[in-house]
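Spelled out, the chains give:
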Amino acid sequence: MEEHGNLHGRRWASDTIPGSRRLAGSGSDTEEDFVEVTLDFHDDTIVLRSVEPLDYDTNEGTPYQTAATSRTPSMGRSPSHHRLRQFSQELKAELRRTWGHVYGSRNDAALAARALRRQRAELDRAQSGAQKALRGLRFISRSGNNGVDAWEDVEANFEALSNDGWLHRTDFAQCIGMKDSKEFALELFDALSRRRRLNAIEKITKDDLYEFWSQITDQSFDSRLQIFFDMVDKNEDGRITEEEVKEIIMLSASANKLSRLNEQAEEYAALIMEELDPERLGYIELWQLETLLLQKDTYFNYSQALSYTSGGLSQNIGLRKRSPIRNLSSKVLYMLDENWQRIWVLALWLLAMAGLFTWKFIQYKNRAAFLIMGYCLPTAKGAAETLKLNMALILLPVSRNTITWLRSTRLGHFVPFDDNINFHKTIAGAIVIGVLLHAGNHLACDFPRLVSSSDTDYLKIKDDFGGVKPTYMSLVKGIEGITGVLMVVFMFIAFVLATSWFRRNTLKLPWPCNRLTGFNAFWYSHHLLVLVYILLVIHGIFLYLAHKWYQKSTWMYLAVPVLLYAGERTLRAFRSGFYSVRIEKVAIYPGNVLTLQMSKPSAFHYKSGQYMFVQCPAVSPFEWHPFSITSAPGDDYLSIHIRELGDWTQELRQIFSEVCEPPISGKSGLLRADESTKKSLPKLLIDGPYGAPAQDYRKYDVLLLVGLGIGATPFISILKDLLNNLIKTDESSQTELNPHSEGSMEESLRGKDIESGSRIMHGLRKKKSLKTTNAYFYWITREQGSFDWFKGVMNEIAEMDQKGIIEMHNYLTSVYEEGDARSALITMVQALNHAKHGVDIVSGTRVRTHFAKPRWKKVFSRISSKHPEARIGVFYCGAPILAKELNILCHEYNQKGFNRFDFHKEHF
């Protein structure tokens, strides 16, 4: 048996021998040396648990154990330790001889098999020592190189949380930075206490805390592994039973907010025991736990489709240090190449505004009114001309039917239609500036100077304002003034309620002002712009300084855009009635996600990645909301996934939850309903489809699809459509290339020479081949229940994708990253379960779930190495927080010149 006085050393469980009772005897040459020998009985075995020195209390006349010295980490090896080791070995040999008859042939074989496995594990451990020292089991994620940097924060926390120099056990988690994993931290506290024989303590000093901190931030892998083992091994017998494994699984699940794992903790504990205890001895030892930890990657080989060996090398080949001027020119050229569509459109728009402003400014500078009102007049009139243009243009980006049609034409190569909403917002900003210049100059400059002008000067412009010089209030109360003021008020309301603070409910207002926030407030306030356009036309007719009809040009600017937009709204109203849909299935999933599957109208044709508008008259007879279509074009139904993010979606989910019922066995979701449901399902109207950036995925060789939360919706349809098309193309190619197949191919080649036939075959294959060859899907979410949303679809794709065309990765950010002690056992169970059953324990699908956030630089590097010189489309859908990082990486890898990454984004 291998004995160590230092608890930081490796503590292998002792060898098992036949025959529990405690024996005390002398194991030394002197009469005053005593030892305590602890043996544990089992059904057919005896386990030598410990041999520890005893001191003799001269006052009491009885021996007592010096636990404080015999088990402290600071104790070194003494001569008595060598005697203890020799005594323990002799005792084991004697017990083997005495109790050898208890051994059965079965137990002998089991012990021999385990001993052989241990020898192999020790050999493997020696070979991978350098590698394992850099790997996981971190208790503290960020602690500097040796924990010193973070200790200053821990020390400050101790001063804030301690009472009379003592830190209570319940404050340990917050003190060391584990406040989100309090239960785990308490178990860690207890394990560290047991190592110092401070059992059942409730508070510690700063010195104790420092020693605890030194142990959990120890750079030694073996030391951290021993601490983790001690957390599980609560009775300190050097063995872990199935019940103890179950407890640590439940503790890890709680720390990582994986409530569902608690329900299957017993099953997963049995899985670990089955893997680590094939001899069925009923326990596992430290070396077995380490073996599982270090070999977990072998169970994950199924998900390593990308090349790891060439990733780092290929990105460094040919890279040279360039001068600052060359770097700057390279960045400028890349910026122009990426944004040339936006640049020329914005440049044309700015030139148009500048030209109109200059033209009107010069025109009014030459008028008699300029002598009285000065530069305020031409500035106001120049701003008014840009307002006319912008009030006309702002309708075009929201004319969705027109945009959807134009993006499919050749104009889509020159105009960035994907930026339509951004252009809409940019024009709105220009309108705000124009209103400030126009109304501000009139109210604060023109009118006061006109009212205060002399009678002689007024005679020069009396034909424009009447024979009697007007007062300031008469100017404001006129038709021109009233319409202008009302327009400013309405536009101010619409603009403010359209900001993200109000529209996304991020600004919390007290009642009753809270009704000013939310999508409903944005929706209805935006319809005030109908009144604005009416007032604008009236305002443009009653002008002071323009009298001829062709000088009143406001209606000329607005005529075509207003008619186009009105036609679109009329088309939507008629089409929504024409596209009558019947709800076939309803499901409500965790995370307040509502899934609607409805019949597909025969005239409703769409592309993957597009979206449609949905209206529910039971919620609001006026509101239409856009949602990505999650069904594939080849499906005979339409489906959408709606997450509760605002007042309208909340009411919609509530209405459908009233008609749903708990699912029957084998069905997913919290609540479900279908056509057989006794209660009638609410009515839905749809309108669309409408274009989106993701619909252009077919023009890329490789796809990188990134969905954040509910942002995965457009990519589900793309994955299904891509796989269906690739399968069909493959089947068609096989049919064409088969010389024995029936059909017109053989007939078409009859009578032609081989060269002519080859050209026809090549042309047909080229026509039917798809440009896209591979897709990589990354879905990041923070709730385990989110994976239920597309569980069936992901399993279907994984099953159909026999050639590995689509690679899917799920990322759960609520779980601590791989290597953290809080997720170590979850990672082990995940590896084992997928290797044995092909199912991920977190998502419940065949797709592996990674923990924490993706390392995007590594993702880009692998894809770039796997597909050199390919054009890669990067599509992102979700909150704006991740879009900037992905866009920067696309820029960096495009600079290297090996691939072309085109970035597209959609925000909710």
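Before reading further, recall that the structure is shown in the block above.
Bear in mind that the values here come from a model prediction, so they are computed numbers and not experimental data.

*Asks:* What am I meant to see in the pattern of salt bridges here?
*Replies:* Pairing is possible between side chains of opposite charge, provided their charged atoms come close. Under the definition given, this model contains 17 salt bridges. Ionic pairing is found between K246 and E266, a salt bridge with its closest N-O pair at 3.9 Å. Taken together, the residues K246 in helix α10 (residues 242-255) and E266 in helix α12 (residues 265-276) connect sequence positions 20 residues apart. The exposed category is assigned to E266, whose relative accessible area is 52%. Where D696 meets R407, a salt bridge forms, and the shortest distance between an N and an O atom there is 3.6 Å. Here D696, found in the loop between β14 (685-690) and β15 (702-708), pairs with R407, found in helix α19 (residues 400-407); they are 289 residues apart in sequence, far enough to count as distant. Residue classification places R407 among the buried positions, given a relative accessible area of 12%.

*Asks:* I'm lost on helix α36 (residues 883-896) in this one. Help?
*Replies:* Along an α-helix, a turn takes 3.6 residues, which lines up residues three or four apart on a common side. Along its 14 residues, α36 runs 21 Å from first to last C-alpha, staying within 8% of the 20 Å computed at 1.5 Å per residue. Buried residues of α36: A883, L886, L889, C890, Y893 and N894, and no others. Projected onto a plane normal to the axis of α36, the buried residues spread over an arc of 135 degrees and lie on a single side.

*Asks:* Help me understand the sheet that holds β14, please; the structure alone is not making it clear to me.
*Replies:* What links the strands of a sheet is backbone hydrogen bonding, and the strands pair in either a parallel or an antiparallel sense. Strand order across the open sheet formed by three strands is β11-β10-β14, with antiparallel pairing between neighbours. Of all strands in the sheet, those bounded by a partner on one side alone are β11 (625-628) and β14. On average, each strand axis in the sheet is tilted by 30 degrees relative to the strand beside it, whichever way the strands run. Two elements, strand β10 (residues 611-615) and β11, share four bridges in a ladder whose sense is antiparallel.

*Asks:* How should I be thinking about unusual backbone geometry in this particular structure?
*Replies:* Working note: non-glycine residues mostly have negative phi, and peptide bonds are mostly trans. With an omega dihedral of 0 degrees, the bond running from G688 to P689 counts as a cis peptide bond. In this fold, P689 is placed in strand β14. One non-glycine residue with positive phi stands out, namely A852, at about 65 degrees. Judged by relative accessible area, which is 14%, A852 ranks as buried.

*Asks:* Please explain the side chain of K388 as it appears in this structure.
*Replies:* Structurally, K388 can be placed in helix α18 (residues 376-393). When neighbours within four sequence positions are excluded, K388 is seen to be in contact with S553, T554, Y557 and L558.

*Asks:* When you look at the packing of helix α24 (residues 479-497) against helix α27 (residues 529-541) in this model, what are you seeing that I'm missing?
*Replies:* Interhelical geometry of α24 versus α27 gives an angle of 155 degrees and a closest axis separation of 9 Å. Our classification of the angle between α24 and α27 gives roughly antiparallel. Considering how the two elements wind past one another, α24 and α27 form a crossing that is left-handed. Within the contact between the two elements, α24 uses I479, E480, T483, G484, L486, M487, F490, M491 and A494 and α27 uses L529, L531, V532, L535, L536, I538 and H539. Split into classes, the residues belonging to the contact of α24 with α27 amount to 12 nonpolar, three polar and one charged.

What counts, and at which threshold
- Residues numbered from 1 in each chain as written.
- Predicted model: local features only at pLDDT ≥ 70, side-chain atom pairs only at ≥ 80, totals over all residues.
- Heavy atoms only, no water.
- Salt bridge = Lys/Arg side-chain N within 4 Å of Asp/Glu carboxyl O.
- Helix = DSSP H or I, 4+ residues; strand = E, 2+ residues; numbered from the N terminus.
- Buried < 20%, exposed > 50% of the residue type's maximum accessible area, 1.4 Å probe, protein only.
- Expected span 1.5 Å × (residues − 1).
- Arc of directions from axis to C-beta.
- Pairing = 2+ DSSP bridges.
- Axes fitted to C-alpha atoms, helices over the stretch in contact; angles between N-to-C directions.
- Contact = heavy atoms within 4.5 Å.
- Parallel < 35°, antiparallel > 145°, perpendicular 65-115°, else oblique.
- Left-handed = near helix turned anticlockwise from the far one by under 90°.
- Nonpolar A, V, L, I, M, F, W, Y, C, P; charged D, E, K, R; others polar.

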